Amino acid sequence: MEPPALAHLPPGLTGHALTTRPLRHDDAHAVYELMATQEQADLGWVEIEEADIVSDWARSSADLAHRTTGVFDGEQLVGYVEVSPGGRGDAAVLPELRGRGLGTALAARMVEIAREHGHRVVGMPVPQGSAGDRLLASLGWQVRWTSWVLELPEGAEIPARELPAGYSLAVATPAQLREVWTVAEDAFLEWSERDREPYDDFEASVLGRPGFEPWHLRVVLGPDGAVVGTSLLTLGDEAVYVSRLAVARAHRHQGLAQVLLVDSFAAGRAHGATRCELSTDSRTGALGLYEKVGMQVRDTWVNRAIEVPTAS
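Attention in this report is confined to the structure presented alongside it. Remember, predicted model here, so these are calculated numbers, not experimental data.

Attention shifts here to the overall build of the protein. Within the protein one finds nine helices and twelve strands. In terms of overall dimensions, the protein is globule-like: its C-alpha atoms have a radius of gyration of 20 Å, near the 20 Å expected for 312 residues. Principal-axis analysis of the C-alpha atoms places the extent of the protein at approximately 65 × 40 × 35 Å. A total of 312 residues make up the protein; the buried ones form 47% of that total. Counting contacts in the protein only where the partners sit at least 6 residues apart, residues at least 24 apart contribute 70% of the total. Summing over all exposed atoms, the protein offers an accessible surface of approximately 14800 Å²; the carbon and sulfur share of this is 52%. With 27 positive and 44 negative side-chain charges, the protein shows a separation of 5 Å between the mean positions of the two kinds.

This part takes up the pairing of strand 5 (residues 121-127). With six of seven residues buried, strand 5 is to be regarded as a mostly interior element. Pairing of strand 5 with strand 12 (residues 296-307) involves seven bridges; the strand directions are antiparallel. In the sheet register, Pro-125 faces strand 12, and the bridge partner there is Asn-303.

Moving on: the packing of helix 6 (residues 177-188) against helix 7 (residues 199-207). Interhelical geometry of helix 6 versus helix 7 gives an angle of 105° and a closest axis separation of 10 Å. Judged by the angle between their axes, helix 6 and helix 7 are roughly perpendicular. Of helix 7, the residues touching helix 6 (which contributes Leu-177, Arg-178, Val-180 and Trp-181) are Tyr-199, Phe-202, Glu-203 and Leu-207. Taken together, the residues of the contact of helix 6 with helix 7 break down into six nonpolar, no polar and two charged.

The subject of this paragraph is the sheet that holds strand 5. Across the sheet, eight strands lie side by side as 5-12-6-11-10-9-8-7; this open sheet has mixed pairing. In this open sheet, the two strands that pair with only one neighbour each are strand 5 and strand 7 (168-171). The sheet shows a mean angle of 25° between the axes of neighbouring strands, direction not considered. In this structure, strand 9 (residues 227-235) lies alongside strand 10 (residues 239-247), joined through six bridges in antiparallel fashion. Within strand 10, the position partnered with Gly-229 by the bridge is Val-247. Running over the sheet, helix 8 (residues 256-270) touches strand 6 (142-152), strand 7, strand 8 (217-221), strand 9, strand 10 and strand 11 (275-281) and is turned about 155° from strand 10.

What follows covers the nonpolar core. Formed by 40 residues in total, the largest nonpolar core has its most connected members in Val-31, Val-71, Tyr-80, Leu-102, Met-110, Val-122 and Trp-141. Put simply, the parts of the chain that give this core at least two residues each are helix 1 (28-43), helix 2 (50-57), strand 2 (68-73), strand 3 (76-83), strand 4 (89-93), helix 4 (102-116) and strand 5. Ranked by residue count, the leading element in this core is helix 4, at eight residues. The residues contacting Tyr-80, other than those within four sequence positions of it, are Leu-23, Val-31, Leu-34, Met-35, Thr-69, Gly-70, Asp-90, Ala-91, Ala-92 and Leu-106. Of all hydrophobic cores here, the second largest spans 26 residues; its members include Leu-152, Tyr-167, Leu-256 and Phe-265.

Taking 1.5 Å per residue as the helical rise, helix 4 with its 15 residues ought to reach 21 Å, and the 21 Å between its terminal C-alpha atoms agrees with that figure. If you check which residues of helix 4 are buried, you get Leu-102, Ala-105, Leu-106, Ala-107, Arg-109, Met-110, Val-111, Glu-112, Ile-113 and Ala-114. Immediately downstream of helix 4, the backbone of Gly-118 shows phi near 80°, a positive value.

Opposite charge on two side chains makes pairing possible when the charged atoms of those side chains draw close. Going through the model one piece at a time under the given rule, you end up with 25 salt bridges. Between Glu-277 and Arg-275 there is a salt bridge; the shortest N-O distance is 3.2 Å. The salt bridge involving Asp-281 is made with Arg-283; its shortest N-O contact spans 2.8 Å. For Asp-281, a relative accessible area of 8% translates into the label buried. With relative accessibility at 23%, the residue Arg-283 sits in the partly exposed group.

Definitions and limits used
- Residues numbered from 1 in each chain as written.
- Predicted model: local features only at pLDDT ≥ 70, side-chain atom pairs only at ≥ 80, totals over all residues.
- Heavy atoms only, no water.
- Helix = DSSP H or I, 4+ residues; strand = E, 2+ residues; numbered from the N terminus.
- Rg over C-alpha atoms; globule rule 2.2 N^0.38 Å.
- Buried < 20%, exposed > 50% of the residue type's maximum accessible area, 1.4 Å probe, protein only.
- Contact = heavy atoms within 4.5 Å.
- Areas by Shrake-Rupley, 256 points an atom, 1.4 Å probe, with all protein chains shown as cover.
- Lys, Arg positive; Asp, Glu negative; His and termini not counted.
- Charge placed at Lys NZ, Arg CZ, Asp CG, Glu CD.
- Pairing = 2+ DSSP bridges.
- Axes fitted to C-alpha atoms, helices over the stretch in contact; angles between N-to-C directions.
- Parallel < 35°, antiparallel > 145°, perpendicular 65-115°, else oblique.
- Nonpolar A, V, L, I, M, F, W, Y, C, P; charged D, E, K, R; others polar.
- Core = buried A, V, L, I, M, F, W, Y, C linked by side-chain atoms within 4.5 Å.
- Expected span 1.5 Å × (residues − 1).
- Salt bridge = Lys/Arg side-chain N within 4 Å of Asp/Glu carboxyl O.

Put into structure tokens, the structure is as follows:
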């Protein structure tokens, strides 16, 4: 049955009526191509990788049948919407179809999916000033926070910092994965507006990401051998991206995050990366720290959200 919020869709590029259905795992490449086309139009470059989608959908909580809707012009995916269990939305529209009401319909569908799954608020990231940002603003979606993608210029170095006595750097072992998850989740949940990610989802999205290699997961070990800091890397086209950079609260203010950052960028460069990237947002207060070590803002995103009406 066609989702009610998408009951009346504009004609597609061929002039024929668009159709909808839930997405499937084998749609990952089509979603990547659609999102990449949208980012190219909005940013002038592409940040998304197909592996991002595949790893997200590797989670057991990724209920594509009930949490996604794809819009098709014949066999071509021209729009889609997804709401994750944490209430995060993602959507994209083929730029050639903008201005015909498809984005408005997908925003309504996002709210509908959120309501069906009991979310009180749904939000999604959009490039600041983009067509998506302007559309959501016109629909009453409010900015919750701002996020930035930063990069270290090619050839630049972050000043090294020595580890405190008793601490050591290492590549995480399989036996340390649960410790890594605990450190990262404890740190991110100090400011993040979401539920705790299930361990099985974490493991699936990390180990199940195409191209994952053990060296991608870096850790700092404390004097007792326990994981007290972590950094997860992904290696893309000429760039190493640092995610889940976290230090346990009891071990902060000793420079461990900077040590992990230097180590992560060095590891990426040793494997062919020429650029080093990460993202942060206004909830963390870390933007100034990254700028002080020489990183520069490449683009700015806003998370726009709206309250979900209760079912009548």
